[in-house]
Amino acid sequence: MPLDALADATPAGVQIARPLVEVRDLNVRFVSRDSRTNAVNGVSFSLQAGEVLCIIGESGSGKSVTMRALMKMLPEGKTRIEGYLRVGEHLIADMTDRQMRAIRGAEVSMIFQEPMTALDPVCTIGQQIAETIMRHEGCSRKVADARALELLQVVRIPSPERRLKAYPHELSGGLRQRSMIAIALSCRPRLLLADEPTTALDATVQAQVLVLMRKLQRELGMAMIFVTHDLGVAAQIADKVAVMYAGRMVEYGPVAEVLNSPRHPYTRAMLASNVHGHARGEDLDTIPGSPPDMRRPIRGCAFAPRCKVARTSCAIEPPPVVHLGPDRYFACIANDASAEAAAT
Amino acid sequence: MSDVNAATLADFAASEASPPVRGYWASVGHRLRYDYATLFFLSVIIVVALLAICAPWLAPFDPTKTAMAYRLKPVGFKNFMLGTDDLGRDMLSRLLWGGRTSLIMGMVPVGVATVIGGFLGVLAGFVGGRVNTLIMRAMDIFYAFPSVLLAVAISGTLGGGIKNGMLALTIVFIPPLCRVAESATTLVRGLDFVEAARASGATTLSIILHHVLGNVLSPILIFASSLISVSILLGSGLSFLGLGVEPPTPDWGLMLSALRSGIYIQPLVCALPGVAIFITSLSFNLVSDGLRQAMDVKA
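All residue numbers refer to position in the chain's written sequence, counted from 1. The order in which chains are written sets their letters, starting at A; the order in which ligands are written sets their numbers, starting at 1. Thresholds applied to this predicted model are a pLDDT of at least 70 for local features of residues and 80 or more for the giving and counting of side-chain atom pairs; totals over whole chains, interfaces and linings are not thresholded and use all residues.

### Some thoughts on the overall build of chain B
Step number 1: Each helix is a run of H or I in the DSSP string that is no shorter than four residues. Each strand is a run of E no shorter than two, and both are numbered from the N terminus. The secondary structure content of chain B amounts to twelve helices and zero strands.
Step number 2: Counted from the first residue to the last, chain B has its helices and strands arranged as α-α-α-α-α-α-α-α-α-α-α-α.
Step number 3: Here chain B has a C-alpha radius of gyration of 25 Å; the compact-globule value for 299 residues is 19 Å, and the former is much larger.
Step number 4: Taken over the C-alpha atoms alone, chain B extends approximately 95 × 50 × 30 Å along its principal axes.
Step number 5: Per-residue burial for chain B yields a buried fraction of 40% across its 299 residues. In this description the radius of gyration comes from C-alpha coordinates, and the expected globular size is given by 2.2 Å times residues to the power 0.38. Around each residue's C-beta, the other C-beta atoms within 10 Å are counted; 20 or more make the residue buried, 12 or fewer make it exposed, and counts in between make it partly exposed. All C-beta atoms are placed from the backbone.

In structure tokens:
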């Protein structure tokens, strides 16, 4: 399988002509009778096969919406999606519902945050895995059941024969999330979307699930977009990191660079507000204020009102996007020296 | 695959002490097994149903055969174990035969209304928007009338008879069942697993059939089972008013109505149809209560 070859090549940073996922100038608006919410404003990124992109941001920063736009999983009729969206050879924006259904679960699949509610309580785990397989591959129940068993082994669920017949409420949170992963992987997708898949799990289980996901992603050569607000999780699993604020990507780049030498004041502030590197009893550096109201248009930099290094011009014109390389940019007016001086 | 550290895996296996694997319906059955009150009343229903079904073989006399010489005789008079009614017909035979009509009046309208109301409710709840408004506001129109009045009005317009009575009861029961189905569906529709099913490429129809129906079935069934006793009472009420079953067909409601003139002569005999209605509807009520307790337990 060519995907395996790619998987080996990409972590080293080798450029491949055509990325698996390409998003350019994505705008998502939620329109209702009395308001217009600009959830995502001009997001662009690309992802190679076998790469993991972590989208980090606080609640309401548009990270989940960006991800869901790739699958057109946003409320119909109330959402306006603009921009160029490509996954593999599919141009998502032009696709009909029927075409989308053929892709969902087969080429692109999704893992949800709450394994408790994302599994149907009245169907067994086996039924839920087999259902997806039969839908996309049109195989018999027997073949699908065999594959389901195999998948439970792949996600390392102990005594899989028995778990196949178990209902979601009979499993622990970790096993449930593993089952979710099994369902998501059932048709060998090329892109896996994960919406805070470890947030609802406790810390030890979280680590196990993360390690498993990273491993499976490498073995299967899948690309993965991982939404989280946990920087530690991002550090563990990501190849690339995109930091989102108020529907924009404010910083983007390889995980080591972004987390070790952040360039955008928001990324810096977020890293500084982490418990690591602080003495016990010392107050954490928090970011003052709260995110802007997305129903109002934002003229300048969205982060300006909370930014330590903001200037008067920040509130007036949108920040320039500074490219530091083909895969590294940030959007801030402050040049490197002044920003660094203010941060330290 | 083998590089995942063995210790973690072993811990995992150990921490997952295995509970007995039991399906939803099996666990409902398990809970019911230890609910003795419900089991008792369930057996009462079964006995009543069996008596009604076996009426042709059990009844000692023809339920419609009148005998002027034996009018309103007490319990235990000669061969009439439960006495006779105002036309000298054997009460026991009439009660057995009457159970057939009463049970049919209780169950058929509820069954039909569950299918129709459930369908409309799931449709309204899942599709939402204008379809929901259309269906639910139409149901609200029926809600504007008290149920007894509505049943009386419908069967009064259509004329008497068992069929029209059952039709009237069905129409009365559709709106509440539709409403229960709609609210359950609206609740389920917003849950993650419906979105997860969509994310794995399921069509709307297969989401409804596989995921929504399975989850809304138990609230609908619980509510429907509680309507059976209402239906028996309403059916008896219609017969009492002369709108349901027509004489001489035996029916508990009709018997109660006909015997009310004899209440001063043979109070015990005249109360018997009422007792039968009471026991049956009480049993249905309590069984539906037990069913709710067994089914409602959330994981």
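Once the structure has been displayed, the description carries forward.
### Digging into the interface of chain A and chain B
Step number 1: The contact rule is simple: place each C-beta atom from the backbone, and if two of them lie within 7 Å, those residues are in contact. In this complex, chain A contributes 34 residues to the contact, which on the side of chain B involves 27 residues.
Step number 2: Those elements that provide at least two residues to the side of chain A that touches chain B are α3 (97-103), β6 (108-111), α4 (125-137) and α7 (173-185) of chain A.
Step number 3: The greatest single-element share of the side of chain A that touches chain B, amounting to four residues, is contributed by α4(A).
Step number 4: Three classes are used, and their members are as follows: Ala, Val, Leu, Ile, Met, Phe, Trp, Tyr, Cys and Pro are nonpolar, Asp, Glu, Lys and Arg are charged, and the others, Gly among them, are polar. Tallied by class, residues from the side of chain A that touches chain B come to 16 nonpolar, eight polar and ten charged.

### Regarding the pairing of strand β8 (residues 223-228) of chain A
Residues and elements named next belong to chain A.
Step number 1: Where burial is concerned, most of β8 is hidden: six out of the six residues are buried.
Step number 2: Every second residue of β8 is oriented toward a common face, with Ala-223, Ile-225 and Val-227 on one face and Met-224, Phe-226 and Thr-228 on the other, all of them buried.
Step number 3: Strands are treated as partners if at least two bridges between them are detected by DSSP. Summarising the sheet, strand β3 (residues 52-56) and β8 pair through five bridges and their orientation is parallel. Bridge assignment links Cys-54 to a residue of β8, and that residue is Phe-226.
Step number 4: Alignment of strand β7 (residues 191-195) against β8, held across five bridges, turns out to be parallel. The partner of Asp-195 across the bridge, within β8, is Val-227.

### Observations concerning the nonpolar core
Step number 1: For the purposes of this analysis, a nonpolar core is taken to be any set of buried Ala, Val, Leu, Ile, Met, Phe, Trp, Tyr and Cys residues that are connected through C-beta atoms within 7 Å. Grouped together as the largest cluster of nonpolar side chains are 170 residues, with contacts concentrated most on A:Leu53, A:Cys54, A:Phe226, A:Val243 and B:Leu177.
Step number 2: Per element, the largest residue contribution to this core is 15 residues, and it comes from helix α10 (residues 204-240) of chain B.
Step number 3: Leaving out residues up to four positions away in the same chain, A:Cys54 has contacts with A:Phe226, A:Thr228, A:Ala234, A:Ile237, A:Ala238 and A:Val241.

### Re the sheet that holds strand β12 (residues 328-331) of chain A
All names here are of chain A.
Step number 1: Here eight strands make up an open sheet; going across it, the order is β6-β7-β8-β3-β9-β10-β12-β11 and the pairing mixed. Lying at the two open borders of the sheet, with one neighbouring strand each, are β6 and β11 (321-325). Within this sheet the neighbouring strands show an average axis-to-axis angle of 20°, counted without direction. To get an axis, a line is fitted to the C-alpha atoms, and for a helix only the part in contact is used. The angle between two axes follows their N-to-C directions and goes from 0 to 180 degrees.

### A word on the pairing of strand β4 (residues 79-87) of chain A
All names here are of chain A.
Step number 1: For strand β1 (residues 21-31) and β4, the ladder comprises eight bridges, and the chain directions are antiparallel. Residue pairing across strands places Val-28 opposite Ile-81, the latter belonging to β4.
Step number 2: Across two bridges, the pairing between β4 and strand β5 (residues 90-91) is antiparallel. The residue of β5 that forms the bridge with Val-87 is His-90.

### Topic: the environment of B:Gly117
Step number 1: For B:Gly117, the location among the structural elements is in helix α5 (residues 91-127).
Step number 2: For the pair B:Gly117 and B:Ile220, spaced 103 residues apart in sequence, the C-alpha separation works out to 9.6 Å.

### Focus: the packing of α4(A) against α7(A)
All names here are of chain A.
Step number 1: Where α4 meets α7, the closest approach of the two axes is 8 Å, and the angle between their N-to-C directions is 20°. Comparing the axis directions of α4 and α7 gives the class roughly parallel. Between α4 and α7 lies a crossing of right-handed hand. Contacts between α4 and α7 involve Ile-125, Gln-128, Ile-129 and Thr-132 from the first element and Ser-179, Ala-182 and Ile-183 from the second.
Step number 2: For the contact of α4 with α7, the class distribution of residues is four nonpolar, three polar and no charged. Small angles under 35 degrees read as roughly parallel and large ones over 145 as roughly antiparallel, with 65 to 115 read as roughly perpendicular and the rest as oblique. By definition, any crossing whose near helix is turned counterclockwise from its far helix by less than a right angle is left-handed, and any crossing with a clockwise turn is right-handed.

### Focus on the confidence of the model for chain B
Residue and element names in this part refer to chain B.
Step number 1: For chain B, mean pLDDT is 81; residues scoring 70 or higher make up 91% of the total.
Step number 2: Taken element by element, the predicted model of chain B shows its lowest mean pLDDT in helix α1 (residues 6-15) (47) and its highest in helix α8 (residues 162-189) (90).
Step number 3: Every residue gets a pLDDT, meaning the predictor's confidence in that residue, from 0 to 100. The model gives residues 9-19 a pLDDT under 50, and that stretch makes nine contacts with residues more than four places away or in other chains.

### Points about α5(B)
Residues and elements named next belong to chain B.
Step number 1: Helices are assigned an expected span. That span is 1.5 Å times one less than the residue count. The terminal C-alpha atoms of α5 lie 53 Å apart, and with 37 residues this matches the ideal 54 Å at 1.5 Å per residue to within 8%.
Step number 2: Most of α5 sits out of view: 26 of its 37 residues are buried.
Step number 3: Downstream of α5 by one or two residues, Gly-128 has phi in the positive range, about 70°.

### Regarding the sheet that holds β5(A)
Step number 1: Strand order in the open sheet made by the four strands is β2-β1-β4-β5 (chain A), with antiparallel pairing throughout. Looking at which strands have only one partner, the edges of the open sheet turn out to be β2 (36-47) and β5 of chain A.

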